[in-house]
Amino acid sequence: MSENGHDRDVFDVIIVGAGPTGLYAAFYAGMREMRTKVVEVLPEAGGQLAVLYPEKYIYDVAGYPEVLAKDLVDNLLQQIAKWDPTMCLGERAEKLVREDDGTLVLTTDVASHYAKAVVICGGIGAFRPNKLKNESLTRFEERGVYYFVQDKSIFKDKRLLIVGGGDSAVDWALNLKDIASETTLIHRREGFRAHPSSVTELMESDVNVMLHYEVREVLGDDSITGVKIFDNRSDEDTILDIDIVLMNLGFKADLGPIKDWGLALNKRYIVVNGRMETNIPGVYAAGDVCMQDGSESLNLIAVGFGEAAIAVNHAYSFITGGRVFPGHSSEMSPTAAVASNQQAK
Ligand SMILES: Cc1cc2nc3c(=O)[nH]c(=O)nc-3n(C[C@H](O)[C@H](O)[C@H](O)COP(=O)(O)OP(=O)(O)OC[C@H]3O[C@@H](n4cnc5c(N)ncnc54)[C@H](O)[C@@H]3O)c2cc1C
């Protein structure tokens, strides 16, 4: 996939959000030979599946009796790779305006992007990790203290401390324990919020689990040499020999600036009609971010996939005047489509 295409180039469609809905929308847009850009605030694609439950099995995606959330994301990425959309990761969509000629301008914290149509697949909003107010954690952020796992190899043969008791903390402890040389997980109370079967697996593993402990201070100068933790019942300190810290204290999600784009909203949802059109011409929404007028929201991957196909087909019709009927993928030649997409770039 191409890296950030930051110029005045007007794409057919910009998709905001690279969760499952946004990725499937990108696939569908590629299939309709639309030049497509995906803007995602996180450094990785996958939305809730990647951030909240990468190691959990999903059982209700059509065609998969069961699939690990992270594998579904990998498969979606593989599926869109053949259309080569421009991926703008690590950019937060902040402003959307229309120019006199009808071009939609989406401004992020990094650049401005131009398109004839926009499909908002922002899910429950942009994720921000919960952080502790602790100067030593801030000092080592991104050089020993991490909130996301982008590259598992950075944990290789390191003494790892994971902080948290939810699904992400437990899943990552299980996932990284064979990569790190030693793994310790501290959690501030007895009970875990994580799935009970994962907690049982954790307790039976060789991960050193310490309950009622919290971070006092990360130690070291250029790199981390240890972490001082304290028992929150006795306030007694313990120093652990640690090289790397993964903080998993949950995430806040917030639609943020999208709420100020002049879209009709119902509580946290963008209101759409049966064509997934918002009240702004050329702007569509799909997935967890939206609710059909007069209906209930049904926040499921399967629903997002269907809505993505509806939104993109209507966006295609909006910008070309062409038919909404997409044709059948079984009758298409993906190779030819890629060639035409790349030629247009
Ligand atoms: C623990 C858990 C288990 C679940 N299990 C299932 C299950 O078994 N089956 C099922 O069908 N569903 C399940 N779900 C629900 C499912 O994950 C959601 O329905 C699905 O993720 C919605 O996909 P989405 O792409 O619409 O939104 P999200 O997955 O929320 O993705 C939205 C993306 O948009 C990005 N974004 C938001 N705002 C901006 C912005 N301003 N700029 C740039 N990017 C932005 C976000 O960072 C995110 O990556 C589960 C959810 C949870 C939390």
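Note that the structure is predicted; figures quoted are calculated from it, not measured.

About the cut-offs
- Throughout, a residue's number is its position along its own chain's written sequence, starting from 1.
- Thresholds applied to this predicted model are a pLDDT of at least 70 for local features of residues and 80 or more for the giving and counting of side-chain atom pairs; totals over whole chains, interfaces and linings are not thresholded and use all residues.
- With hydrogens and water stripped out, all remaining heavy atoms of the structure feed into the side-chain values.
- Here a strand is any run of E in DSSP of at least two residues, a helix any run of H or I of at least four, and the numbering for each starts at the N terminus.
- Remark: exposure states derive from per-residue accessible area (1.4 Å probe, protein chains only) relative to the maximum for the residue type, with buried under 20%, exposed over 50%, and partly exposed in between.
- Should any heavy atoms of two residues lie within 4.5 Å, those residues are counted as being in contact.
- Computed with the Shrake-Rupley method and a 1.4 Å probe, the accessible areas treat only the protein chains shown as cover for residues.
- In summary, the charge assignment counts Lys and Arg as positive and Asp and Glu as negative, without counting His or the chain termini.
- Working definition for charges: the position is that of NZ of Lys, CZ of Arg, CG of Asp or CD of Glu.
- Residue ranges labeled as domains rest on an automatic or database domain assignment.
- Take the accessible area each of two parts loses on contact, using a 1.4 Å probe, and add the two losses: that sum is the buried area.
- One speaks of a salt bridge when a side-chain nitrogen belonging to Lys or Arg is within 4 Å of a carboxyl oxygen belonging to Asp or Glu.
- Here a polar contact is taken to be a pair of N or O atoms separated by no more than 3.5 Å, where protein atoms must pair a possible hydrogen donor with a possible acceptor and residues adjacent in sequence count only if both atoms sit in side chains.
- Polar here means any residue outside two lists: the nonpolar Ala, Val, Leu, Ile, Met, Phe, Trp, Tyr, Cys and Pro, and the charged Asp, Glu, Lys and Arg; Gly therefore counts as polar.
- Working definition: residue near molecule or strand if any one of its non-hydrogen atoms lies within 4 Å of it.
- For every element, the axis is a line fit to its C-alpha atoms; helices are fit only across the contacting stretch, and the angle between N-to-C directions ranges from 0 to 180 degrees.
- What sets the label is the angle itself: under 35 degrees gives roughly parallel, over 145 gives roughly antiparallel, 65 to 115 gives roughly perpendicular, and the rest give oblique.
- It is the rotation of the near helix from the far one that decides the hand of a crossing: anticlockwise by less than a right angle makes it left-handed, clockwise makes it right-handed.
- Aromatic rings from Phe, Tyr and Trp, taking only the six-membered ring of Trp, are treated as a pair when their centres fall within 6.5 Å; an angle between ring planes under 30 degrees marks them as stacked, one over 60 as edge-to-face, and anything in between as tilted.
- A ring is scored as having a charge over it whenever the NZ atom of a lysine or the CZ atom of an arginine sits within 6 Å of its centre and within 35 degrees of its normal.
- A pair of strands is treated as paired once DSSP finds two or more bridges between them.

*Asks:* Whenever I open this one, the overall build of the protein chain confuses me. Can you help?
*Replies:* A tally of regular secondary structure across the protein chain gives eight helices and 22 strands. Structurally, the protein chain occupies a C-alpha span of about 70 × 40 × 40 Å along its principal axes. Looking at the protein chain as a whole, 51% of its 345 residues qualify as buried. Counted over contacts in the protein chain with a minimum sequence separation of 6, partners at least 24 positions apart contribute 60%. Counting every atom, the protein chain has about 15800 Å² of accessible surface; 48% of that belongs to carbon and sulfur. Between the mean site of the 34 positive side-chain charges and the mean site of the 50 negative ones, the protein chain shows a separation of 4 Å.

*Asks:* Looking at this structure, how should I read the domain arrangement of the protein chain?
*Replies:* In many analyses, interface size is given as the accessible surface area lost on bringing the parts together. Each domain of the protein chain was delimited in the assignment, giving domain 1 (10-127 + 252-344) and domain 2 (131-249). Placing the centre of domain 1 and that of domain 2 at their C-alpha centroids yields a distance of 34 Å. In this assembly, ten residues from domain 1 lie in contact with eleven residues from domain 2. For domain 1, the biggest contributors to the area lost against domain 2 are Pro43, Glu55 and Lys56; these three give 51% of the whole. Counting the contacts that link domain 1 with domain 2 gives zero salt bridges. Counting every contact that joins domain 1 to domain 2 gives one residue pair in polar contact (both at pLDDT 80 or more). Here the residues of the side of domain 1 that touches domain 2 are counted per class, giving six nonpolar, no polar and four charged.

*Asks:* Just to check I follow, could you spell out the site of the ligand for this structure?
*Replies:* In the neighbourhood of the ligand, 32 residues make up the surrounding shell, with Thr21, Glu40, Gln48, Tyr53 and Asp60 lying closest. Backbone polar atom of Ile301 to an oxygen atom of the ligand: 2.9 Å apart, as the coordinates give it. The fraction of the free accessible surface of the ligand (1000 Å²) that becomes covered by protein chains is 87%. The dominant element in the shell around the ligand, judged by the number of residues it contributes, is helix H2 (residues 47-51), at three residues. Within the shell around the ligand, the residues separate by chemical class into 17 nonpolar, ten polar and five charged.

*Asks:* What exactly am I supposed to notice about the packing of helix H1 (residues 20-31) against helix H3 (residues 69-81) here?
*Replies:* In a pair of packed helices, the angle between the axes and the distance between the axes together describe the arrangement. Between H1 and H3, the shortest axis-to-axis distance is 8 Å and the interhelical angle comes to 20°. In terms of their interaxial angle, H1 and H3 are classed as roughly parallel. In the packing of H1 onto H3, the handedness of the crossing is left-handed. Two secondary-structure elements touch here, H1 through Pro20, Leu23, Tyr24, Ala26 and Phe27 and H3 through Val73, Leu76, Leu77, Gln79 and Ile80.

*Asks:* What should I look at first to understand the packing of aromatic side chains in this one?
*Replies:* By the definition in use, this model includes nine aromatic pairs. With a centroid separation of 6.1 Å and 75° between ring planes, the pair formed by Phe127 and Phe251 is classed as edge-to-face. Of this pair, Phe127 sits in strand S9 (residues 126-129) while Phe251 sits in strand S18 (residues 251-254); the two residues are 124 residues apart in sequence, bridging distant segments of the chain. Taken individually, Phe127 and Phe251 each receive the classification buried, so the pair is uniform in this respect. What links up through ring pairs into an aromatic cluster is the set Tyr24, Phe27, Tyr28, Trp83 and Phe305. Directly above the ring of Tyr114 sits Arg8, whose terminal nitrogen or CZ lies 4.2 Å from the centroid.

*Asks:* Just checking my understanding: could you explain the side chain of Asn134 for this structure?
*Replies:* Along the chain, the position of Asn134 falls in the loop between S9 and helix H4 (135-139). By relative accessible area, which is 13% here, Asn134 ends up buried. Within polar-contact distance, the side chain of Asn134 engages the side chain of Ser136 at 2.6 Å. With near-sequence residues (within four places) excluded, Asn134 lies in contact with Val215, Arg216 and Glu217.

*Asks:* I tried to follow the sheet that holds strand S11 (residues 159-163) on my own but got confused; where do I start?
*Replies:* Two strands in a sheet stick together by hydrogen bonds in their backbones, pointing the same way (parallel) or opposite ways (antiparallel). Spatially, five strands are ordered S10-S17-S11-S12-S13 in an open sheet, and the strand pairing comes out parallel. Of all the strands in the sheet, the pair left with one neighbour each is strand S10 (145-146) and strand S13 (208-211). The pairing of S11 with strand S17 (residues 244-247) spans four bridges and is parallel. Bridge pairing in S17 links Leu160 to Ile244.

*Asks:* I tried to follow the pattern of salt bridges on my own but got confused; where do I start?
*Replies:* Pairs can form between side chains of opposite charge whenever their charged atoms are close. Enumeration according to the criterion identifies 15 salt bridges in this entry. Across the pair Arg35 and Asp9 runs a salt bridge, and its minimum N-O distance is 2.9 Å. In this pair, Arg35 is assigned in the loop between H1 and strand S2 (36-40) and Asp9 in the segment before strand S1 (10-16), connecting sequence segments 26 residues apart. For Arg35, a relative accessible area of 10% gives the class buried. Classification of Asp9 as partly exposed rests on a relative accessible area of 29%. Here Glu94 ties to Arg92 by a salt bridge, and the two come within 3.7 Å at their closest N and O atoms. Take Glu94: its relative accessible area is 33%, and that puts it in the partly exposed class. Each of Arg216, Asp235 and Asp237 takes part in a single network of salt bridges with overlapping partners.

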